[in-house]
Amino acid sequence: MWKVTIKGILAHKFRIVLTSIAIVLGVSFMTGTLVLSDTISRTFDSLITNVNGGLSAQVRAKSAFKDEQGQEQRSRIDASLLDIVRKVPGVKDAEISVAGFAVIVGPNGKGLNAGGNGPPPLAFAWNPSSTLNPVHLVAGTAPAAADEIVIDKHSADTTHYRVGSRIRVVTVSSKGTSAIYRLSGIAKFGSADSPAGATLTFFRPDVAERLLASPGKVDSIQIAAEPGVAQNKLVADLRTALRGRSGIEVASGASVVQEQQNNFHDQFKFFTVFLLVFAIVALIVGSFVIYNTFSITVAQRTRENALLRAVGASRRQVTTSVFLEALTTGIVASVIGLGLGILAASGLKALLGVLNIDIPAGGTVVKAGTIRASLVVGILVTVLASLIPVFKAARVPPIAAMREVALERTSAGWKRIVAGALVTAIGVLSLLSGLFGGGSNAGSAVGFGAFIIFIGVTILGPLIARPAARLIGWPLPRLVGVTGQLARENAMRNPKRTSATAAALMIGVGLVGFVAIFASSATASINHVIDHAFRADYIVNTSGFGSTLPPQIESDLAKVPGVKIASGLKIGSMKVGSSVHQVEGIEPAVVDELFGIGVSQGKLTDLGSDGIAVYKNTAKSKHLVIGSTLAVQFAKTGIRHLTVRAIYNEQALAGPYVISLATYRANFDDLTDLLILVKAQPGQAEHVRAAVESVVKRYPQGKLQDAKQYKADQAKQFTQIVNLVYALLLMAIIIAVFGIAITLALSIFERTHEIGLLRAVGMSSAQVWGTVELESVIIALFGTLLGLVIAVFFGWALVQALKDQGIDQFAVPQIGLLIIVILGAVFGIVAAMYPGWRASRMNVLDAIATE
Amino acid sequence: MTTTTQPRTPPTNAGVAARAIDASKVYGEGEAEVRALDHISVDFASGQFTAIMGPSGSGKSTLLHCLAGLDRLTEGQVVLGDLDITALHEKQMTRVRRDRLGFIFQTFNLIPTLTALENITLPMALAGSDPDQQWLEHVIDIVGLRSRLKHRPSELSGGQQQRVAVARALASRPEIVFADEPTGNVDSKAGAEILNFMAQVVRDAGQTIVMVTHDPVAAAHAGRVVFLADGKIVDECSDPTADSVLDLMRKLGG
């Protein structure tokens, strides 16, 4: 039996290679993701180790809590502790550390890294200790005067700044200013010009304290030990020296490294999981292709298998034979996929280097676990997908050898309807329970539900494949005559095959369509809010993290003649009960003129310095009414008891909690603004624009927008994410296109006689090719339309689930979906290229003579 | 009855529909060389029903395929009417088959996804031309398929399927119909019907038919029989009967 199997495999090399591609692509995606994320992780691990290379201990405030991004929230400590620390025996160097953000403005007036989505514009106090300082000067000197700075070599190179250049730097902090500095030196970070593309600006320590924190306040004190002093001993001594200082803790250098690495891993996990989801989607699509290919080939080999049975092979032997073919395919595909994945990861790493995201040196990391996972998953997916066809092969009775090749029969309609409906219903339930039930497994429930829905629709597929193909192909006979008719009939003749082939495409298109619908709904929701609630004339917008606006801008703007109100929005984190929430600081007196939040009870002007406003649904779930007391915890000031003074309906602009600016200032260190809203005197809106613009220009991280531009900008941010998701789903779609090509190639092999006859009675080779193309287009459109139906359902369900999060408009992007349909047809055309060419090149006489 | 080893000029009342001139077809090379056709020259008169007979491997099917533009000669020429098809490109050859020739094969004559009527009009549909309705109706009546036009091949008996094939071959009024063992796969009653239809269109409408067969009964429906052996024309006769063909076969075999 082994011999038969091996011979079979060799005889079908081509088919096995083609089938393998479906799994190769999925596995390489998975391997690539794992290798890339391990490589990046290890790179950052060593980066963190290097940064803290000379650090033996750190004195800092205790962490209050982790914010929504997982960052520890610590308040600042007194710089005066330095004097105590320096007296502790074993301390060689002790220096203050202050970190923040500062944007270097290039000669062209543009800020480096001010965009927000890329690497950040970091700022630090220059550390005079060469043991503790992670960078070293390659030109000039350390900042000695208050207006001197050191920047990283990469920034210096891109701006052509040299030692002595006068540079505008905008510090992004509560005390932030836009001022001119003299470049005193240029530094490198180890062997890299800058760490992973971040820009670095170093101020004299006392200047950094003033600009990035506040005078006398620092983030931490960094300590290098005398040679031979163990970290544990030093930490113990420091703790003794600092005993009695509340809220202060001492951490060893090693534990700081460990913390930072863990912190990075926690945040980076999202990236890995995000990519793995798409790899899994690709593998699922691949499994559909495998299932379909094995089903067709088993059907085509019914006679061969029956003959084996007739000459005495047992059922088990036939099963084993087909199973071994699947196993071989799985192994070959997984090994190739593994290799390609490692190559792709190395390529991507090189690409990051080209894009100036300079990852410090370090090889590609291929862990044994990655190899094991990729091989196991690839082989398992192939074998599982081929199980049903394998058992079908075993059910072939010996007598089938004597019959004509059996045509596929669709199993009893009602059985299929019941099974398909049941499976789909389970999927829908799981999806909805995940969306609306919440809980810690919500994400898995949604993903599982979506997968099961796809399976359910695939089971139902054969029932609708015939009428659907008839409908989709309806115009063809009228448009292109008999080739169109033949294409339509061919797409209808094997409903199971058509449907399984289309199902692979359905998954990719379903997810793409879903993302498109969700993005358009989210954009529509934002636009809706802006149209209805936005009352300001202008908005000074930023890109978020690392590029917020110093409060200085707000007061500069308020001074512009004709401006009635300029008011910033500050957003921070606080802990309510056991969870961390966003809180927004506003100026109650003027907020109503800038945007409406739909206050339903109480008044914002009553907020004062101990009040809080709560979104209605949050209030409901926490049983809060006007006058209730809510205990919240701020990182800087600890637990505060605030009184609920207002309840509001619109949370899109305000989030779940709102406090007055007075309360915000009292409880947060970072007083930068995320946005500044500007309202002109009545009728002055157009008039003040130029003056407002000239103020904003001094701060390259800010951009002046009116409501329309702000809407466009929000939509654009969505577009970027959506495009990334499209790119990642492309792999699943490519696999599905391969699936269509494989099915067509196998179908054409089956129809050799038919094609020979058509050619004999006068069909041109172009017409043969055209028929295959049109059949492919029908199949692809069937998959695309199925996918879009599911996409609309997914989109609708998610929008229903996110109503409370501010996404309350369900908007189907008609043009977007139309483009998807057109692309679906194009995929069909591409898939049929090779099979169509083969069919058109078939030798007429051989085709007729084939028995 | 006349027998001769030389190709004869066809009857005087018609021109030549197809002609092979010094035609050779060689498969393989060197030791493995097989000469399927060996310098054959033969004419097929228009308006005549000609049968090509011969034992397996005699080259009769190869001759038909080459005459019909399905295969190419190694040497020599094929002329259909006034058109030399020997050097035509594949594209031109396809048009010739579509517009000027009709085909009936032993099996796999019909496209399973098309109805009987659609199969009959297939060559015209491929050309994008409209069938001659009157003639089409006539052909459908001759083969007696009027009640079966909407049926798919799988719903027809083997004999009915071959009748559809005959109708398809005749419907576009081709210059020549080539038939390769058209009755090889049906029972004798159905076979006789099919051969009668073919003979009838030759008689009534002056259709030219060239048919390959190994069945003397089938050959007896033809007006002329050409015998092939080892790639050469060895004999021929006019107005054959089953017995005369059998006699000739015995003579050639012995």
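A brief structural summary. Treat the numbers as computed from the prediction; the structure is a model and nothing was measured.

## A word on the overall build of chain A
When you go through chain A residue by residue, the secondary structure sums to 27 helices and 25 strands. Overall, the C-alpha framework of chain A stretches about 100 × 70 × 50 Å when taken along its three principal axes. Per-residue burial for chain A yields a buried fraction of 54% across its 851 residues. Here the analysis covers contacts within chain A between residues at least 6 apart in sequence; of these, 82% occur between residues at least 24 apart.

## Thoughts on the pairing of strand β6 (residues 99-105) of chain A
Note on strand geometry: in a regular strand, side chains alternate between the two faces of the sheet. All names here are of chain A. Across the seven residues that make up β6, a large majority, five, are buried. As defined by bridge partners, β6 adjoins strand β7 (residues 121-125) across three bridges and the pair is classed as antiparallel. When the bridges of β7 are listed, F101 appears paired with L122. Pairing between β6 and strand β10 (residues 166-172): five bridges, direction antiparallel.

## Looking at the sheet that holds strand β9 (residues 224-229) of chain B
Remark on secondary structure: sheet strands pair via backbone hydrogen bonds, oriented parallel or antiparallel. Residues and elements named next belong to chain B. An order of β6-β7-β8-β3-β9-β10 is seen for the six strands of this open sheet, with the pairing classed as mixed. Two strands in the sheet have a free side with no partner beyond their single neighbour: β6 (101-104) and β10 (232-238). Ignoring which end each strand starts from, the neighbouring axes of this sheet average 20 degrees apart. Sheet topology note: the strand β7 (residues 176-180)/strand β8 (residues 208-212) ladder contains five bridges and is parallel. By the bridge assignment for β8, I176 is matched with T208. Sitting on the sheet, helix α1 (residues 60-67) touches β3 (49-53), β7, β8 and β9, and the angle it makes with β7 is about 150 degrees.

## Examining empty space enclosed by the protein
All names here are of chain A. The final tally for this structure, using the stated rule, is six cavities of 30 Å³ or more. Within this model, the largest cavity holds a volume of roughly 140 Å³. Listed by contribution, the elements that provide at least two residues to the lining of the largest cavity are α15 (482-493), α23 (752-760) and α24 (765-801). Residue contributions to the lining of the largest cavity peak at four residues, all from α24. For the lining of the largest cavity, the residue count by class is seven nonpolar, two polar and three charged.

## Observations regarding helix α21 (residues 685-696) of chain A
All names here are of chain A. For α21, which comprises 12 residues, the first-to-last C-alpha distance of 16 Å matches the rise-based estimate of 16 Å (1.5 Å per residue) to within 8%. Those residues of α21 that sit buried are V688, R689, V692, V695 and V696. All buried residues of α21 lie within an arc of 135 degrees about the axis, which places them on one face of the element. Across from the buried face of α21, at angles greater than 90 degrees, the exposed residues are E686, H687 and A690.

## Here we look at the packing of aromatic side chains
Under the criterion given, the structure shown has 20 aromatic pairs over all chains. Centroid distance F514 of chain A to F518 of chain A: 6.4 Å. Interplanar angle 25 degrees. Geometry classified as stacked. Of the two residues, F514 of chain A and F518 of chain A are both situated in helix α16 (residues 495-533); the distance of four residues between them amounts to about one turn of the helix. Considered together, F514 of chain A and F518 of chain A belong to a single accessibility category, that of buried residues. Through a chain of ring-to-ring contacts, the aromatic side chains of F454, F514, F518, F793, F794 and W796 of chain A assemble into a single cluster. When the ring centre of W135 of chain B is taken as reference, the NZ or CZ atom of R173 of chain B above it lies at 4.1 Å.

## Observations concerning the pattern of salt bridges
Residues and elements named next belong to chain A. For the structure shown, the criterion picks out 43 salt bridges over all chains. Between D237 and K233 there is a salt bridge; the shortest N-O distance is 2.7 Å. Of this pair, D237 and K233 both sit in helix α6 (residues 231-241), four residues apart, which is roughly one turn of that helix. On the basis of relative accessible area, D237 is assigned to the partly exposed category, the value being 21%. The exposure class of K233 is partly exposed, given its relative accessible area of 49%. D556 serves as the salt-bridge partner of R698, at 3.1 Å between the closest nitrogen and oxygen. With R698 in the loop between α21 and β25 (703-705) and D556 in helix α17 (residues 551-558), the pair connects residues that are 142 residues apart, well separated along the chain. Judged by relative accessible area, which is 12%, D556 ranks as buried. Residues participating in the shared-partner salt-bridge network are R60, R74, E249 and E259.

Conventions adopted
Residues numbered from 1 in each chain as written. Chains lettered and ligands numbered in written order. Predicted model: local features only at pLDDT ≥ 70, side-chain atom pairs only at ≥ 80, totals over all residues. Heavy atoms only, no water. Helix = DSSP H or I, 4+ residues; strand = E, 2+ residues; numbered from the N terminus. Buried < 20%, exposed > 50% of the residue type's maximum accessible area, 1.4 Å probe, protein only. Contact = heavy atoms within 4.5 Å. Pairing = 2+ DSSP bridges. Axes fitted to C-alpha atoms, helices over the stretch in contact; angles between N-to-C directions. 1 Å grid on protein atoms, 1.4 Å probe; cavity = no way out; pocket = protein on both sides within 12 Å on 5 of 7 lines; lining within 4 Å. Points joined across faces, edges and corners; volume = space filled by probe spheres on them. Nonpolar A, V, L, I, M, F, W, Y, C, P; charged D, E, K, R; others polar. Expected span 1.5 Å × (residues − 1). Arc of directions from axis to C-beta. Phe/Tyr/Trp six-rings, centres within 6.5 Å; stacked < 30°, edge-to-face > 60°. Lys NZ or Arg CZ within 6 Å of the ring centre and 35° of its normal. Salt bridge = Lys/Arg side-chain N within 4 Å of Asp/Glu carboxyl O.

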